[in-house]
Amino acid sequence: MANDNTRIGFIGGGNMASAIIGGLIRQGMAASNIEIVEPYEPQRAKLKEQFGITAQAEPGAALAGCELVVWAVKPQTFKDAAAQAKPHTGTALHLSVAAGIRSDSIARWLGTQRIVRSMPNTPALVGKGMTALFARDAVTAADKAQVERVIATTGEFLWVDEEKHLDAVTALSGSGPAYVFYFLEAMRQAGKEMGLTEQQAYKLAVGTFVGASALAQASNDPPELLRERVTSKGGTTYAATTSMDSDNVKAHFIKALHAACKRADELGNEFGA
Ligand SMILES: NC(=O)c1ccc[n+]([C@@H]2O[C@H](COP(=O)([O-])OP(=O)(O)OC[C@H]3O[C@@H](n4cnc5c(N)ncnc54)[C@H](O)[C@@H]3O)[C@@H](O)[C@H]2O)c1
């Protein structure tokens, strides 16, 4: 983005907006090309401290100069935020990161078809995000390229052809970091119960996720085979995975992801009207 003079507006300056703004600034985008609308004063102070950007409490003329507007508000507040900002967004291309809220709703609220929906995740904060993108028909190849330049500053991305697949993405990689943290909590607790210090257990657990993920990413082998290579006949891994299988852990985990996917659909129904 270093030589790109695109002006980007953010509606909502919380966690997800900060992750994307951090990526843009790391890649050399001038903070002066970023406009943020953030009604919560302590959050505006944080944005000032973190990025040197003075966010606006409400949408105004500054937004009108933004070619791209990123919607980073909660699904519950999107409709109200859209009503406030619409008079100021001109002919911008719109990029939403909100869970569940369908592009039909956004198009109706903003009176434009130039909408890309996305589902990022919080590792975007450290440039290791995984984002899925969906574009409405009116979005051009140049629009898509512009969105890609922004999202690429936060990590990897892929496009999905059907908007409903974003609900599955939300369940898988959008919420996914929380599942990893959940397993980290469990591994830390187990380590402590077995006599390690909390620090030792946590370091071992995090390092194991980092290493196993890197191995999976570098390998062409499926996870079943990678797991088999860890599992000695009659050994410790076998004892652990047999215990998990007898408790149906995998089935319960898969059920949890279906619950998340269903909730994404419900959010679209509840807050997209
Ligand atoms: N946090 C995640 O892991 C994650 C991952 C993917 C997508 N998302 C999506 O990103 C969106 C934002 O989530 P977040 O975690 O950054 O939430 P957040 O609460 O950190 O940020 C939302 C911000 O919007 C501000 N806001 C409220 N009303 C507003 C208005 N009318 N105009 C402008 N700003 C307003 C809030 O003050 C808040 O700072 C959500 O829709 C969520 O579904 C979040």
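These numbers come from a predicted model, not from an experiment.

Let us look at the packing of helix H7 (residues 165-174) against helix H8 (residues 176-193). Axis separation between H7 and H8 bottoms out at 5 Å; the angle between their running directions is 30 degrees. By the angle between their axes, H7 is roughly parallel relative to H8. Where H7 approaches H8, its residues Ala 171, Leu 172, Ser 173 and Gly 174 are matched on the opposing element by Gly 176, Pro 177 and Tyr 179. Grouping the amino acids of the contact of H7 with H8 by side-chain chemistry returns four nonpolar, three polar and no charged.

Glancing now at the sheet that holds strand E7 (residues 155-159). Taken in spatial order, the seven strands of this open sheet run E2-E1-E3-E4-E5-E6-E7, and their pairing is mixed. Both outer strands of the open sheet, strand E2 (34-37) and E7, are each paired with one neighbouring strand and no more. Direction aside, the axes of adjacent strands within the sheet are offset by 25 degrees on average. Bridge count for strand E1 (residues 8-11) against strand E3 (residues 68-71) is four bridges, and the pairing is parallel. Each bridged residue has a counterpart across the sheet, and for Ile 8 the counterpart in E3 is Leu 68. Helix-sheet contacts for helix H1 (residues 15-26) involve E1, E2 and E3, and the interaxial angle to E1 is about 160 degrees. Against the sheet, helix H5 (residues 103-110) engages E3, strand E4 (93-96), strand E5 (115-119) and strand E6 (129-135), with an angle of about 135 degrees to E5.

UniProt annotation of "domain: Pyrroline-5-carboxylate reductase dimerisation" (unreviewed entry) refers to residues 163-267 when read in the numbering used here. Along residues 163-267 one finds 83% helix and 0% strand; the C-alpha atoms at either end are 14 Å apart.

A separate point is the side chain of Thr 131. Assignment of secondary structure puts Thr 131 in strand E6. In this view, Thr 131 contacts Ser 118, Met 119, Pro 120, Ile 151, Thr 154, Glu 156, Phe 157 and Leu 158; residues no more than four positions away in its chain are not counted.

To continue, consider the UniProt feature "binding site: NADP(+)" (unreviewed entry) in the protein. Here the UniProt feature "binding site: NADP(+)" (unreviewed entry) sits at Ile 11, Gly 12, Gly 13, Gly 14, Asn 15, Met 16, Ala 72, Val 73, Lys 74 and Pro 75. In sequence the annotated residues extend across 65 residues, while in space they remain close, none of their C-alpha pairs exceeding 14.2 Å. Within the secondary structure layout, Gly 13 lies in the loop between E1 and H1. Apart from residues lying up to four places away in sequence, Gly 13 is in contact with Ser 18, Ile 36, Val 37, Glu 38, Gln 43 and Leu 47. Those residues in contact with Pro 75 that lie beyond four places of it in its chain are Ala 99, Ile 101, Leu 267 and Phe 271.

Asn 15, Met 16, Glu 38, Val 73 and Ala 99 are the nearest of the 22 residues found near the ligand. At a separation of 3.4 Å, a nitrogen atom of the ligand approaches a polar backbone atom of Gly 12. Considered on its own, the ligand offers 820 Å² of accessible surface; in the complex 81% of this is hidden by protein. Looking at the shell around the ligand, the elements that each hand over two or more residues are H1 and helix H4 (75-85). When residues of the shell around the ligand are assigned to their parent elements, the largest contribution, three residues, is made by H4. Considering only residue class, the shell around the ligand consists of 14 nonpolar, six polar and two charged.

What follows is about the side chain of Gln 146. As for its placement among the helices and strands, Gln 146 is situated in helix H6 (residues 141-151). Those residues in contact with Gln 146 that sit more than four places away from it in its chain are Thr 6, Glu 67, Leu 68 and Leu 93.

Our next topic: the packing of H4 against H5. Here H4 crosses H5 at 25 degrees, and the two axes come no closer than 9 Å. Regarding the angle of H4 to H5, the classification is roughly parallel. Between H4 and H5 lies a crossing whose hand is right-handed. Counting all contacts with H4, which are made through Phe 78, Lys 79 and Ala 82, the residues of H5 involved are Ile 106, Trp 109 and Leu 110. In terms of residue class, the contact of H4 with H5 is made up of five nonpolar, no polar and one charged.

Turning our eyes to something else, we now look at the pairing of E2. In E2, alternate side chains face the same way, and those of Ile 34 and Ile 36 on one face and Glu 35 and Val 37 on the other are all buried. The pairing of E1 with E2 spans four bridges and is parallel. By the bridge assignment, Phe 10 is partnered in E2 with Ile 36. Handedness of the crossover joining E1 and E2 through H1 is recorded here as right-handed.

Cut-off values and rules
- Residues numbered from 1 in each chain as written.
- Predicted model: local features only at pLDDT ≥ 70, side-chain atom pairs only at ≥ 80, totals over all residues.
- Heavy atoms only, no water.
- Axes fitted to C-alpha atoms, helices over the stretch in contact; angles between N-to-C directions.
- Helix = DSSP H or I, 4+ residues; strand = E, 2+ residues; numbered from the N terminus.
- Parallel < 35°, antiparallel > 145°, perpendicular 65-115°, else oblique.
- Contact = heavy atoms within 4.5 Å.
- Nonpolar A, V, L, I, M, F, W, Y, C, P; charged D, E, K, R; others polar.
- Pairing = 2+ DSSP bridges.
- UniProt positions renumbered as here; feature names shortened; annotations may be inferred.
- Near = heavy atom within 4 Å.
- Polar contact = N/O pair within 3.5 Å; in protein donor to acceptor, adjacent residues only side chain to side chain.
- Areas by Shrake-Rupley, 256 points an atom, 1.4 Å probe, with all protein chains shown as cover.
- Left-handed = near helix turned anticlockwise from the far one by under 90°.
- Buried < 20%, exposed > 50% of the residue type's maximum accessible area, 1.4 Å probe, protein only.
- Right-handed = clockwise from strand over helix to strand, strands pointing away.

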